[in-house]
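An overview of the molecular structure
One letter stands for each residue in the lines below.
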Amino acid sequence: MISHTSLQWQSSDWQSILQSAIRHSTELLQAVGVSPNSVTAITGEASGFPILAPKPFVSRIEYGNPQDPLLLQVLALKEEMTPNQGGMTDPLEEKRFTPVPGIIHKYFGRVLLMTSGSCAVNCRYCFRRHNDYGSNILTPARLTDALAYLRSQTDVTEVILSGGDPLLTSDRKLSELINQLETIPHIQRLRIHTRLPIVIPQRITPELCEQLGRSRFQVTIVVHCNHPQEIDAEVGLAMAHLNAQGVTLLNQSVLLKNINNSAETLEALSVELFRIGVLPYYLHTLDPVQGAAHFYQPLSDSKRVHQTLQARLPGYLVPKLVSEIPGSASKTLIY
Ligand SMILES: *Cc1c(COP(=O)(O)O)cnc(C)c1O
Ligand code: SF4
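None of the values given here were measured: they were computed from a predicted structure. (Residues numbered from 1 in each chain as written. Chains lettered and ligands numbered in written order. Predicted model: local features only at pLDDT ≥ 70, side-chain atom pairs only at ≥ 80, totals over all residues. Heavy atoms only, no water.)

Right, let's talk about the site of ligand 2 for a bit. Neighbouring ligand 2 are Cys 119, Val 121, Cys 123, Cys 126, Arg 195 and His 224. Considered class by class, the residues forming the shell around ligand 2 number four nonpolar, one polar and one charged. (Near = heavy atom within 4 Å. Nonpolar A, V, L, I, M, F, W, Y, C, P; charged D, E, K, R; others polar.)

What follows is the structure, encoded as structure tokens:
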């Protein structure tokens, strides 16, 4: 058991770490020792999606390597400006499943509650890059409507905090939100979809751990990690603190060309995740989003990589390869 005193590993608080995140291509390249001549970097503004790369994540980038798999997830490249065939701005048709602002109710029994409009990192391949976040931020009035909706949907047993990144919400606000959700009797499970424990592991504060540990909900945190190099000692410690509270830890990744599209990399990722107490959950194929075509790999390649992975790992370390097909009742298994 890990006591909270060992949380003194948090040398500075997560908000200041976030504030000092890198927001410009030139600054990012300088920080990782990559010459601007060796990449086709552009400003985030040019592609309509700002650069945002927190330093704990940047510190795991290999110095001087323009092809580093972590660098390529956060650096805007000229390729983002290429119009791609079938690239859409709302590929999952989420607008259609929004009964009240802040809620996405697509699947039976579980709903997404869009808790925060922004993220702690801007992943260049993200399908939310074109979302109108402003219209979905959970203001107090919207929260009242969202809670009323959840109360009316007695089939719903699980609430998934999503966004953006829900852990950008302060501990105090998160605590208020969870307390309110706990008053809805048919909700049994709380899930949090977040990349923060990976990019700024200092976000896992003692207050957050205590809140999750004492909740009447069964709590699951689904982190988002694409490459074994994203896991360092601090990420491991954050996971240990959550595990100590009985939180179930799962991971979802996106299959990305030139980043993690090899069985070797994904095998190492699963093994590393399990070592720190996280089970692989989903491996998503990339959605056809405008500006991210350079991360896309053909489905036949994805299947081949996944089959190799399956042949090398115990079943419980193989993530499910899935796509999101608009109108489906769940993610769609690919095999
Ligand atoms: C992915 C997703 C979920 C969760 O699906 P699970 O298969 O339960 O992980 C729920 N709602 C929406 C809208 C989703 O996109
Ligand atoms: S953290 Fe998730 S939602 Fe946010 S930019 Fe990255 S992939 Fe998108």
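There is more to say, and it comes next.
So, about the sheet that holds strand S8 (residues 320–323). In any sheet, the strands associate via hydrogen bonds between backbone groups, in a parallel or an antiparallel arrangement. Spatially, the nine strands line up as an open sheet ordered S1-S2-S3-S4-S5-S6-S7-S8-S9, and their pairing is mixed. Each edge of the sheet is formed by a strand with only one pairing partner; in this case those strands are strand S1 (103–107) and strand S9 (332–333). Pairing geometry for strand S4 (residues 189–194) and strand S5 (residues 218–224), over six bridges, is parallel. Bridge pairing in S5 links Arg 191 to Thr 220. (Pairing = 2+ DSSP bridges. Helix = DSSP H or I, 4+ residues; strand = E, 2+ residues; numbered from the N terminus.)

What follows is about the packing of helix H6 (residues 140–152) against helix H7 (residues 171–182). It is at 11 Å that the axes of H6 and H7 come closest, and there the two elements cross at 30 degrees. In terms of their interaxial angle, H6 and H7 are classed as roughly parallel. For the pair H6 and H7, the sense of crossing is right-handed. Where H6 approaches H7, its residues Leu 143, Leu 147, Leu 150 and Arg 151 are matched on the opposing element by Leu 177, Gln 180 and Leu 181. (Axes fitted to C-alpha atoms, helices over the stretch in contact; angles between N-to-C directions. Parallel < 35°, antiparallel > 145°, perpendicular 65-115°, else oblique. Left-handed = near helix turned anticlockwise from the far one by under 90°. Contact = heavy atoms within 4.5 Å.)

The local shell around ligand 1 consists of Ile 104, Lys 106, Tyr 107, Arg 110, Leu 112, Ile 160, Arg 191, Tyr 281, Tyr 282, Glu 324 and Lys 331. Here Tyr 282 contributes a side-chain N or O atom positioned 2.6 Å from an oxygen atom of ligand 1. Separating an oxygen atom of ligand 1 from a side-chain N or O atom of Glu 324 is a distance of 3.3 Å. Here ligand 1 has 390 Å² of accessible area as a free molecule, and 92% of this is covered by the chains. When residues of the shell around ligand 1 are traced back to their parent elements, those giving at least two are S1, strand S2 (110–116) and strand S7 (279–284). In terms of residues, the shell around ligand 1 owes the most to one element, S1, which gives three residues. Residues that form the shell around ligand 1 fall into these classes: six nonpolar, no polar and five charged. (Polar contact = N/O pair within 3.5 Å; in protein donor to acceptor, adjacent residues only side chain to side chain. Areas by Shrake-Rupley, 256 points an atom, 1.4 Å probe, with all protein chains shown as cover.)

Counting residues in each nonpolar core, the largest one holds 88 residues, and the members touching the most others are Leu 113, Leu 161, Leu 181, Leu 212, Met 239 and Leu 242. Broken down by element, this core gets its largest block of residues, five residues, from H6. Both domain 1 (8–81) and domain 2 (94–333) contribute no fewer than three residues apiece to this core. (Core = buried A, V, L, I, M, F, W, Y, C linked by side-chain atoms within 4.5 Å. Buried < 20%, exposed > 50% of the residue type's maximum accessible area, 1.4 Å probe, protein only. Domains from an automatic or database assignment.)

Let's shift gears to the pairing of S2. For a regular strand, side chains alternate in direction, first toward one face of the sheet and then toward the other. For S2, the tally of buried residues reaches six of seven residues, placing the bulk of the element in the interior. As paired strands, S1 and S2 are joined by three bridges and run antiparallel to one another. Each bridged residue has a counterpart across the sheet, and for Ile 104 the counterpart in S2 is Leu 112. Linkage of S1 to S2, two consecutive antiparallel strands, is achieved through a turn of two residues, within which Gly 109 is found at a positive phi near 85 degrees.

You can see Arg 195 is positioned in the loop between S4 and helix H8 (196–199). The exposure class assigned to Arg 195 is buried, which follows from its relative accessible area of 5%. In this structure the side chain of Arg 195 is engaged in a polar contact, spanning 2.6 Å, whose partner is the backbone oxygen of His 224. Setting aside chain neighbours within four positions, we find Arg 195 in contact with Phe 57, Gln 73, Val 121, Cys 123, Tyr 125, Asp 165, His 224, Cys 225, Asn 226 and Glu 230.

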